[in-house]
Amino acid sequence: MSNVVSYELVGNIGVISVNSPPVNALSQAVREGILNTVNAAAEDASEAVVLRCEGRTFIAGADITEFGKPPMEPGLPEVLSAIENSKKPVIAAIHGTALGGGFEVALACHYRCAIASAKVGLPEVKLGLLPGAGGTQRVPRLAGVEAALDMITTGNPVAAAKANSMGLIDEVVEGDDLQAAAIKYASDLVASGAPLKRVRDITIDASTIEPGFFDAARKKLALRARGQIAPDKIVSCIEAAVNLLMDEGLERERELFRELVTSPESAAMRHIFFAERQAAKIKDLPKDTPLRDIKKVAIIGGGTMGGGIAMCFANVGIPVVMVEINDEALARGMKIIRKNYTITVAKGKLPADKMEQLISTITGTTDYADLGDVDLVIEAVFENLELKKEIFAKLDAVCKPGAILATNTSYQDVDAIAAATNRPQDVLGLHFFSPANVMKLLEIVRGEKTADDALATSMQIGKKIGKVCALSRVCYGFIGNRMLGGYGREAQMLLMDGCTPAQVDSALEKFGMAMGPLAMGDLAGLDVGYKAREGRTDLPDDPKLYRMGTLLVEMGRHGQKTGSGFYKYDPETRRRLSDPEVESMIKEEAAKLNLEQRDISDEEILQRCLYPLINEGALILEEGIAQRPSDIDVVYVFGYAFPAAKGGPMHYADQIGLKNVYDKICEFRERDGEMYWKPAPLLEKLAKEGKTFAEWGSENG
Ligand code: 3H9
């Protein structure tokens, strides 16, 4: 027996227990332990074997840290063969989440039982992989081809009851004592002489699959999962499950898994998996930092942002009180919330009665005196520093000691806001992204005087409401918006140099961005950037800078909300359409400025838009605004739809080579001047030392 897998005989049932915290991942020791115990059970008096786990979950998958290292025996397929070929029925007893290789272990067992709260799934696609130990062959045999395709290409887990109805598990057991229930289930199977059910023995009737089914699936996925290579290969595996014998299908799956595990896309997505978890850790905070209790939350401002934030807390059962200036504004705020929930209900993602229950946890007030019992306040009014300071002074007067006072500002000085109170240690930024009830990112902004426990509590509450959190120090725009400056600037400069809006956006969309920068500007409203530029004195005095953005706003073309911006929008479908009027205008403006327009490659578009992100990211690191390079990647992937398959701007830069990025920025500096292109000292240093941001990150703790 090993340290991580134990075995005991309980009556006539052999019980294998995996105990490898935190998530019982299939490390070499776990694989070996399962193999040895299955073999041991074959020799003893047991009549059936239960495979269960200690701790918070059933096996959560392969040990991702082993990928990219030399393989160690026994491989997972060998372990699964031992289970499947056992002469005694092996029963998986599932609690928590049986994911990836963990669910594949369960699928190789002869029977699967689970407690009601358990979930099963094959999330490999989220790591740029496919299930490499039979998942693509066994799930379609049990649940059908269509359900398998959906489950494996989305990677989303399925709750026990649904998995049961899909045929993926055999029994949902009552109560929480899974071990006892599983032993009873196993004994009943033995007593009834239940057969050794092997999923491999099921055949799929190929004639039930419509001709062209797989090609159609590939086309759909190519659109949905732009820039990812795993979904297409998952389709090939499921096709193999239909057309080939089990062992041939397994071989095909293995071959494609090997291709993916060594791909840069999977390396990038695995980087993001660990980066996300790392970002939640605050370097200088002890693990045992005490937490404050958050039982009730107040939101100041019931606009789109405030309403979205209120929903985040209501969704996890935390009562919210929303503050507005008058009853009319409050009613408007509640209407936005109701509308958002109605959309969720219409999409089938929320039962209608649950909606009423959630809405009832959000109350409204126009009186700050009602905030005496709240534990956390999030101010979400419009971006005016004086107004925010006024609000924080009022909060200081009414909130109880220890309440966390947060601002949702996108770029104002959190320290200046904190200084408007007598308790700057309780003040920090909680920067949500719009729509706040949907977007995953939460930037937590640490002020000069923010207390450790206020920060630790914010990280914890962020996770509770389902956000991916990243810590930022105070600076204009924090991590994410500060980096956007050069990205948006170059997108517009490229127009002056000869690109059409569609060309710029399509280059970035092919790269994997959900939306190109100009289309994004249209969505956010071109007037927003226009107004922000009005107040800035630091921008170079250059007539071509933001020329098109400025002219379009002055023509009343503010983007999607006015029906036109860089593009025009079909009034019915809201589809974006290239606008010849804008394209001629770009040419005319360039001519007025005597600019020579030229053909520009997609490669140059990517370099000019993405390298400013990387350069600003390097500055942000040297200034200590972000804790680590991977935190910046998390901000971009979860807040700005940077493709996970590229790993975020800093990981992407490491892949291209920092010297290449640095040299190109220097080349652009020669051409366009230092006011636009100035390599960050850290980028220059690392480029010259031949190092990566990741290496710098490890060296700097
Ligand atoms: C696969 O299975 C391939 C096979 O098909 C084929 C093989 C041949 N490995 O998320 P948490 C760590 S691919 C190593 O904060 P939660 C994690 O880094 C895999 N480490 O907990 C963290 O470490 P730290 C398919 C792992 O309760 C700690 O555990 N499976 C793994 O919020 C706690 O994690 C997946 O993709 C792993 N597989 O959520 C499942 N998983 O404390 C991935 C976690 O040092 N895992 N760690 O930061 C998850 O989705 C979540 O961790 C889970 C728990 C839902 C299980």
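Counting of residues starts from 1 at the beginning of each chain's written sequence and follows it residue by residue. Selection of residues for local features in this predicted model requires a pLDDT of at least 70, selection of side-chain atom pairs for listing and counting requires 80 or more, and totals for whole chains, interfaces and linings are taken over all residues. Side-chain numbers come from the whole structure's heavy atoms, not from hydrogens or water.

Some words on the overall build of the protein chain
Okay, step 1: The helix and strand labels rest on DSSP assignments: H or I over at least four residues marks a helix, E over at least two residues marks a strand, and numbering proceeds from the N terminus. Helix and strand content of the protein chain: 29 helices and 19 strands.
Okay, step 2: The size measure is the radius of gyration over C-alpha atoms, and the globule rule it meets is 2.2 Å times the number of residues to the 0.38 power. Radius of gyration (C-alpha) of the protein chain: 28 Å, near the 27 Å computed for a compact globule of 701 residues.
Okay, step 3: Considering only residue pairs separated by 6 or more positions, the protein chain has 73% of its internal contacts joining residues 24 or more positions apart.
Okay, step 4: For the purpose of charge, His is not counted, nor are the chain termini; Lys and Arg are scored as positive and Asp and Glu as negative. In this description, the location of a charge corresponds to atom NZ of lysine, CZ of arginine, CG of aspartate or CD of glutamate. Charged side chains of the protein chain number 80 positive and 97 negative; the gap between the two group centres comes to 1 Å. Any two residues whose heavy atoms approach within 4.5 Å at even a single point are treated as in contact.

A few points about the site of the ligand
Okay, step 1: Around the ligand sit 26 residues, and of these Arg56, Glu104, Glu124, Arg277 and Lys281 come closest.
Okay, step 2: Between Ala60 and the ligand, the recorded distance is 2.9 Å, taken from a backbone N or O atom to a nitrogen atom.
Okay, step 3: In the environment of the ligand, an oxygen atom lies 2.7 Å from a nitrogen or oxygen atom belonging to the side chain of Glu104.
Okay, step 4: Every element with two or more residues in the shell around the ligand is listed here: β5 (97–99), α3 (101–108), α10 (246–261) and α11 (264–279).
Okay, step 5: The element best represented in the shell around the ligand is α11, accounting for three residues.
Okay, step 6: Under this grouping Gly is polar, as are all residues other than the nonpolar Ala, Val, Leu, Ile, Met, Phe, Trp, Tyr, Cys and Pro and the charged Asp, Glu, Lys and Arg. Here the shell around the ligand is built from residues that sort into 13 nonpolar, five polar and eight charged. Any residue with a heavy atom lying within 4 Å of a molecule or strand is counted as near it. Nitrogen and oxygen atoms within 3.5 Å of one another constitute a polar contact, given that in protein one can donate a hydrogen and the other can accept it, and given that sequence-neighbouring residues count only through two side-chain atoms.

A few points about unusual backbone geometry
Okay, step 1: Omega for the bond connecting Glu73 with Pro74 falls within 30 degrees of zero, at -10°, which places this linkage in the cis form.
Okay, step 2: Among the secondary structure elements, Pro74 is positioned in the loop between β3 (48–53) and α2 (76–84).
Okay, step 3: In this model, Ser434 is joined to Pro435 through a cis peptide bond whose omega is -5°.
Okay, step 4: Along the polypeptide, Pro435 turns up in the loop between β15 (427–432) and β16 (441–446).
Okay, step 5: Notably, Tyr546 is not glycine yet its phi reads approximately 50°, a positive angle.
Okay, step 6: Relative to the elements of secondary structure, Tyr546 occurs in the loop between α21 (526–534) and α22 (547–554).
Okay, step 7: Residue exposure (1.4 Å probe, protein chains only): buried if accessible area is under 20% of the type maximum, exposed if over 50%, otherwise partly exposed. Note on Tyr546: relative accessible area 14%, which makes it buried.
Okay, step 8: Within the chain, Arg574 stands out as a residue other than glycine whose phi angle is a positive 60°.
Okay, step 9: Relative to the helices and strands, Arg574 resides in the loop between β18 (568–569) and β19 (576–577).
Okay, step 10: For Arg574, a relative accessible area of 57% gives the class exposed.

Details of the domain arrangement of the protein chain
Accessible area lost on assembly of the parts is the figure often given for the size of an interface.
Okay, step 1: Where a domain begins and ends is set by an automatic assignment or by a domain database. Assigned domains within the protein chain: domain 1 (5–261), domain 2 (297–477), domain 3 (481–600) and domain 4 (603–699).
Okay, step 2: Between the C-alpha centres of domain 1 and domain 3 there is a distance of 49 Å.

A look at the side chain of Glu589
Okay, step 1: Inspection of the secondary structure assignment puts Glu589 in helix α23 (residues 580–592).
Okay, step 2: Of note is the side chain of Glu589, whose polar atom sits 2.7 Å from the side chain of Arg547.
Okay, step 3: Once residues lying within four places of it in the same chain are set aside, the contact partners of Glu589 are Met496, Arg547, Met548 and Leu551.

Digging into the environment of Glu448
Okay, step 1: Position of Glu448 among the secondary structure elements: in the loop between β16 and α17 (452–464).
Okay, step 2: On the accessibility criterion, Glu448 (63% relative accessible area) is exposed.

A few points about the nonpolar core
Okay, step 1: Buried Ala, Val, Leu, Ile, Met, Phe, Trp, Tyr and Cys residues form a nonpolar core when they are joined through side-chain atoms within 4.5 Å. The biggest cluster of nonpolar side chains holds 86 residues, and the ones touching the most others in it are Ile34, Ile83, Ile94, Phe103 and Val139.
Okay, step 2: Setting aside residues up to four positions removed in sequence, Val139 forms contacts with Phe103, Leu107, Leu122, Gly144, Ala148, Met151, Ile152 and Leu168.
Okay, step 3: Judged by nonpolar contacts, the second largest core, of 76 residues, contains Cys475, Met483, Phe511 and Ala680.

Comments concerning the packing of aromatic side chains
Describing an aromatic ring pair means giving the distance of the ring centres and the angle of the ring planes.
Okay, step 1: The criterion for an aromatic pair is that two Phe, Tyr or Trp rings (for Trp, the six-membered ring) have centres within 6.5 Å, with stacked assigned to planes under 30 degrees apart, edge-to-face to planes over 60 apart and tilted to the rest. Under the defined criterion, the tally for this structure stands at eleven aromatic pairs.
Okay, step 2: Ring plane angle 80° and centroid distance 5.6 Å describe the contact between Phe511 and Phe642, whose orientation is recorded as edge-to-face. Taken together, the positions of Phe511 in helix α19 (residues 501–511) and Phe642 in the loop between α25 (629–639) and α26 (649–656) put the pair 131 residues apart, joining distant regions of the chain.
Okay, step 3: Residue classification places Phe511 among the buried positions, given a relative accessible area of 5%.
Okay, step 4: Plain terms: the ring middles of Phe668 and Trp677 are 4.8 Å apart, the flat faces sit at 45° to each other, and that makes the pair tilted.
Okay, step 5: Using a relative accessible area of 2% as the deciding quantity, one classes Trp677 as buried.
Okay, step 6: Of the aromatic side chains, those joined through ring pairs into one cluster are Phe433, Tyr636 and Tyr640.

Brief notes about the sheet that holds β16
Okay, step 1: Strand order in the open sheet made by the eight strands is β12-β11-β10-β13-β14-β15-β16-β17, with mixed pairing throughout. Each end of this open sheet is capped by a strand with a single partner; those strands are β12 (362–365) and β17 (468–473). Taking the axes of each pair of neighbouring strands and ignoring which way they run, one obtains an average angle of 25° across the sheet.
Okay, step 2: Across four bridges, strand β13 (residues 376–379) lies against strand β14 (residues 404–407) in parallel orientation. The residue bridging Leu376 from the neighbouring strand is Ile404, located in β14.
Okay, step 3: Only C-alpha atoms enter the line fits that serve as axes; for helices the fit covers just the stretch in contact. Angles between N-to-C directions range over 0 to 180 degrees. Of the strands in this sheet, β16 and β17 are in contact with α25, which crosses β16 at around 140°. When DSSP finds two or more bridges between a pair of strands, those strands are recorded as paired.

Quick notes on the pattern of salt bridges
Okay, step 1: The rule for a salt bridge is simple: a side-chain nitrogen of Lys or Arg has to be within 4 Å of a carboxyl oxygen of Asp or Glu. Overall, the coordinates contain 55 salt bridges when judged by the stated rule.
Okay, step 2: Note that Lys691 is salt-bridged to Glu699, the shortest N-O span being 3.3 Å.
Okay, step 3: Residue Lys691 is classed as partly exposed on the basis of its relative accessible area, which comes to 27%.
Okay, step 4: With relative accessibility at 51%, the residue Glu699 sits in the exposed group.
Okay, step 5: Put simply, Arg489, Glu490, Asp497, Arg598, Glu604, Arg608, Arg671 and Asp672 are held in one network by salt bridges that share partners.

Brief notes about empty space enclosed by the protein
Okay, step 1: Throughout, the protein atoms alone are placed on a 1 Å grid, and a set of points is a cavity if a 1.4 Å probe fits but cannot get out or a pocket if it is open with protein on both sides within 12 Å along at least five of seven lines; lining residues have an atom within 4 Å of a point. Grid points are joined across faces, edges and corners, and a volume is the space filled by probe spheres set on the points. What the rule picks out here adds up to one cavity of 30 Å³ or more.
Okay, step 2: In this structure, the largest cavity spans a volume of roughly 30 Å³.
Okay, step 3: Forming the boundary of the largest cavity are Val38, Ala41, Ala42, Val49, Ser86, Lys88 and Val90.
Okay, step 4: Per-element accounting of the lining of the largest cavity gives the leading share, three residues, to helix α1 (residues 28–43).
Okay, step 5: Broken down by class, the residue content of the lining of the largest cavity amounts to five nonpolar, one polar and one charged.

What to know about the sheet that holds β5
Okay, step 1: Strand order in the open sheet formed by three strands is β5-β7-β8, with mixed pairing between adjacent strands. The open sheet has two edge strands with one neighbour each: β5 and β8 (158–159).
Okay, step 2: Across the sheet, α3 lies against β5 and β7 (119–121), angled at about 90° from β5, the strand it touches most.

Digging into α23
Okay, step 1: To estimate the expected span of a helix, count its residues, drop one, and scale the result by 1.5 Å. End to end, α23 covers 18 Å across 13 residues, agreeing with the expected 18 Å (1.5 Å per residue, within 8%).
Okay, step 2: Residues of α23 that are buried include every one of Val582, Met585, Ile586, Glu589 and Ala590, and no others. Buried residues of α23, viewed axially, fall in a sector of 135°; they line one side.
Okay, step 3: Of the surrounding secondary structure, the elements contacted by the buried residues of α23 are α18 (478–497), α19 and α22.
Okay, step 4: Between the side-chain oxygen at the start of α23 and the backbone nitrogen of Glu581 there is a gap of 3.0 Å, and the oxygen is on Asp579.
Okay, step 5: Backbone geometry just after α23 places Asn594 at a positive phi near 55°. Think of it as the arc spanned by the lines of direction from the helix axis to the C-beta atoms.

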